[in-house]
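These are the residues of each chain, in order.
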Amino acid sequence: MSFIPFLQAAEGAAPSASAPGSMLVSFFPVILIIVVFYFLMIRPQSKKQKETERMLNALKKGDKVITIGGIHGVVSSVKENTVIVKVDDDCKIEFNRTAISTVELSDEEKAKLAQAQAAKKSKGFFKSKKSEEKIESEKTSDKE
């Protein structure tokens, strides 16, 4: 007697009816692969795309930018679909918005961003710490 279903069918034995649970078990690896693929590939890419879209929508006059081609310049004016970048004193080039790769932050903006991120992290820590202390105080007051 063979344990492989297609060999059983070849031998002339009818394959046994499978339970509905076994069908779920057989699809579990496929479902697991799809979930892992989503969290490792699709989700990070969509986050990056949203971040890039926000950056392009926030472009304003005076921003230092780097284009996809590696051209460094300062935004001279912003139109609906294009951006005029001042590369040199007498040279201005018009680029499509999607050609802007990054916006360089000034030292002040970098410091503000770092400070905001540090405050956000510390708030999360203290918030959880305070909630733990509140729970502990409620437990001790209930016991008394």
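Residues numbered from 1 in each chain as written. Predicted model: local features only at pLDDT ≥ 70, side-chain atom pairs only at ≥ 80, totals over all residues. Heavy atoms only, no water.

**Some remarks on the overall build of the protein chain**
Right, so step 1: Helix and strand content of the protein chain: three helices and five strands.
Right, so step 2: Helices and strands appear in the protein chain in the N-to-C order α-α-β-β-β-β-β-α.
Right, so step 3: Within the protein chain, the proportion of its 144 residues that are buried is 13%.
Right, so step 4: By sequence separation, contacts in the protein chain at least 24 residues apart represent 32% of the contacts at least 6 residues apart.
Right, so step 5: Looking at the protein chain as shown, the accessible area adds up to about 12300 Å², and 61% of this sits on carbon and sulfur atoms. (Helix = DSSP H or I, 4+ residues; strand = E, 2+ residues; numbered from the N terminus. Buried < 20%, exposed > 50% of the residue type's maximum accessible area, 1.4 Å probe, protein only. Contact = heavy atoms within 4.5 Å. Areas by Shrake-Rupley, 256 points an atom, 1.4 Å probe, with all protein chains shown as cover.)

**Quick word on the packing of aromatic side chains**
Right, so step 1: Throughout the structure, instances matching the rule amount to one aromatic pair.
Right, so step 2: Ring centres of Tyr38 and Phe39 lie 5.1 Å apart, and the angle between their planes is 80°; on these two criteria the pair is classed as edge-to-face.
Right, so step 3: Take Phe39: its relative accessible area is 47%, and that puts it in the partly exposed class. (Phe/Tyr/Trp six-rings, centres within 6.5 Å; stacked < 30°, edge-to-face > 60°.)

**Section: the sheet that holds strand β2 (residues 72-78)**
Right, so step 1: Within the open sheet, the five strands sit side by side as β4-β3-β2-β1-β5. Their pairing is antiparallel. Two strands bound the open sheet, and with one partner strand each, they are β4 (92-96) and β5 (100-104). The average undirected angle you get between the axes of adjacent strands in this sheet is 45°.
Right, so step 2: Inspection of the sheet shows strand β3 (residues 82-86) paired to β4 by five bridges, in the antiparallel sense. Bridging from a neighbouring strand, Lys86 pairs with Lys92 of β4. (Pairing = 2+ DSSP bridges. Axes fitted to C-alpha atoms, helices over the stretch in contact; angles between N-to-C directions.)

**Things to note about the pattern of salt bridges**
Any two side chains of opposite charge can pair, on the condition that their charged atoms come close.
Right, so step 1: Applying the stated criterion to the full structure yields two salt bridges.
Right, so step 2: With its nearest N and O atoms 3.3 Å apart, the salt bridge here joins Asp63 to Lys60.
Right, so step 3: For the salt bridge of Lys79 with Glu94, the shortest nitrogen-to-oxygen distance reads 3.7 Å. Of this pair, Lys79 sits in the loop between β2 and β3 while Glu94 sits in strand β4, and the two are 15 residues apart along the sequence. (Salt bridge = Lys/Arg side-chain N within 4 Å of Asp/Glu carboxyl O.)

**Concerning the side chain of Ser76**
Right, so step 1: Within the secondary structure, Ser76 sits in strand β2.
Right, so step 2: A polar contact is formed between the side chain of Ser76 and the side chain of Lys92, at a distance of 3.4 Å.
Right, so step 3: Sequence-distant contacts of Ser76, that is, excluding residues within four places in its chain, are made with Lys61, Ile84, Val85, Lys86 and Lys92. (Polar contact = N/O pair within 3.5 Å; in protein donor to acceptor, adjacent residues only side chain to side chain.)

**A word on the side chain of Asp63**
Right, so step 1: The topology assignment puts Asp63 in the loop between α2 (20-57) and β1 (64-67).
Right, so step 2: For Asp63, a relative accessible area of 11% puts it in the buried group.
Right, so step 3: Within the local environment of Asp63, its side chain forms a polar contact with the backbone nitrogen of Lys60, the two atoms lying 3.0 Å apart.
Right, so step 4: Excluding residues that lie within four positions of it along the chain, Asp63 makes contacts with Ala58, Gly73, Val74, Val75 and Val103.

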